[in-house]
Amino acid sequence: MKEPIRSMTKKLVIWVIILNGVGKITEKINMKFYLPFFIVVMMITVLLSSVRAEEVVEPTLVIEMLNKKGKQKMIFSEEIARVQVGDTISWVPTSKGHNVQFVSVPEGVEKIKSKLSKEVSYTFETEGVYLYLCTPHAGMGMIGLVFVGDSLENLDSVKKHKLMGKSKKKFKKLLKNI
């Protein structure tokens, strides 16, 4: 019974020293056992204090990346999205093998390209028109547009973007719906 109490007392002394941040460990405490313990506790404390919780942003809109929707194949669930500055869209790979790549964006906006089969979220900070596609399936017509705010200032540059395969025809169809 004395041994567990002695062990608990030693641990309590260590925690008191850590919490008070004072003095050195006396010779009564077994340094070979407690020094690695101290080091690990201090490392964990430093690591945990340096980790910041990431802000979780609820998406305004979720767009699924799909192999099939009705009779259409290789499609985004929303081909034309309308959002406001500050809104967030999350693209979810409901079917594997898809990604999102911005190919035409307003001036000053950095283009993004997600990894295959990975969810990606983007918060829109600049008004304008964004043209995006699924890299592996762009030739099959897997494209989409995002209209942020009321500005169509960059629409002419979006229209000039060269698309391949079925995307050309689909792009013209999407433009008719704006």
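Heads up: the structure comes first, above all this text.
Predicted model, so just to flag it, every value in this text is computed and none were measured. Once a new chain begins, its residue numbering starts again from 1 and follows that chain's sequence as written. Given that this is a predicted model, residues contribute local features only at a pLDDT of at least 70 and side-chain atom pairs are listed and counted only at 80 or more, while totals for whole chains, interfaces and linings are drawn from all residues. Side-chain numbers come from the whole structure's heavy atoms, not from hydrogens or water.

> Could you give me a rundown of a positive patch on the surface, with the residues and numbers involved?
Positive charge collects at one region of the surface, where Lys68, Lys73, Lys166, Lys169 and Lys173 lie side by side. The greatest single-element share of the positive patch, amounting to 3 residues, is contributed by helix α4 (residues 166–176). Runs of H or I in DSSP of at least four residues are treated as helices and runs of E of at least two as strands, each being numbered from the N terminus. Mapped onto the elements of the fold, Lys73 is located in strand β2 (residues 72–76). Here the term patch refers to residues with relative accessible area over 30% and no salt bridge, with like charges joined within 9 Å and nonpolar side chains (Val, Leu, Ile, Met, Phe, Trp, Tyr) within 5 Å. Exposure was quantified through the Shrake-Rupley algorithm and a 1.4 Å probe, taking into account, for residues, occlusion by the shown protein chains and nothing else. Salt-bridge detection follows one rule: a side-chain nitrogen of Lys or Arg within 4 Å of a carboxyl oxygen of Asp or Glu. Counting rule applied: Lys, Arg positive; Asp, Glu negative; His and chain ends not counted. By convention, the charge on Lys lies at NZ, on Arg at CZ, on Asp at CG and on Glu at CD.

> Can you explain the nonpolar core? Please cite residues and give values.
Only buried residues count toward a nonpolar core. Its members are Ala, Val, Leu, Ile, Met, Phe, Trp, Tyr and Cys residues joined through side-chain atoms within 4.5 Å. In this scheme, a residue with accessible area under 20% of its type's maximum is buried, one over 50% is exposed, and one in between is partly exposed, where area comes from a 1.4 Å probe on protein chains only. Grouped together as the largest cluster of nonpolar side chains are 22 residues, with contacts concentrated most on Phe76, Trp91, Phe102, Phe124, Tyr130 and Val146. Mapped by element, the contributors of at least two residues to this core are β1 (61–69), β2, β3 (80–83), β4 (88–92), β6 (120–123), β7 (128–133) and β8 (143–148). Should any heavy atoms of two residues lie within 4.5 Å, those residues are counted as being in contact. In contact with Phe124, other than residues within four places in its own chain, are Val83, Gln84, Val85, Gly86, Asp87, Ile89, Trp91, Phe102, Tyr130, Val146 and Val148. Counting residues in hydrophobic clusters, the runner-up holds 14 residues, among them Leu133, Ile143, Leu163 and Leu175.

> Go over the side chain of Lys170, please, and point to the residues and values.
Among the structural elements, Lys170 can be located in helix α4. The residues touching Lys170, leaving out its near neighbours within four places in the chain, are Ile75, Glu79, Gly141 and Ile143.

> Give me the pattern of salt bridges: which residues, what numbers.
Within the structure shown, the criterion is met by 1 salt bridge. Here Glu79 and Lys170 are joined by a salt bridge, their closest N and O atoms 2.5 Å apart. Of the two residues, Glu79 is situated in the loop between β2 and β3 and Lys170 in helix α4; the sequence distance between them amounts to 91 residues. Looking at Lys170, the relative accessible area reads 13%, which means it is buried.

> Residues and numbers for the pairing of β1, please.
Pairing of β1 with β4, which is carried by 4 bridges, proceeds in the parallel orientation. Each residue of the ladder has a partner; that of Val62, found in β4, is Ser90. Bridge count between β1 and β2: 4 bridges; the pairing is antiparallel. Note that in β2 the partner of Met65 across the bridge is Phe76. When DSSP finds two or more bridges between a pair of strands, those strands are recorded as paired.

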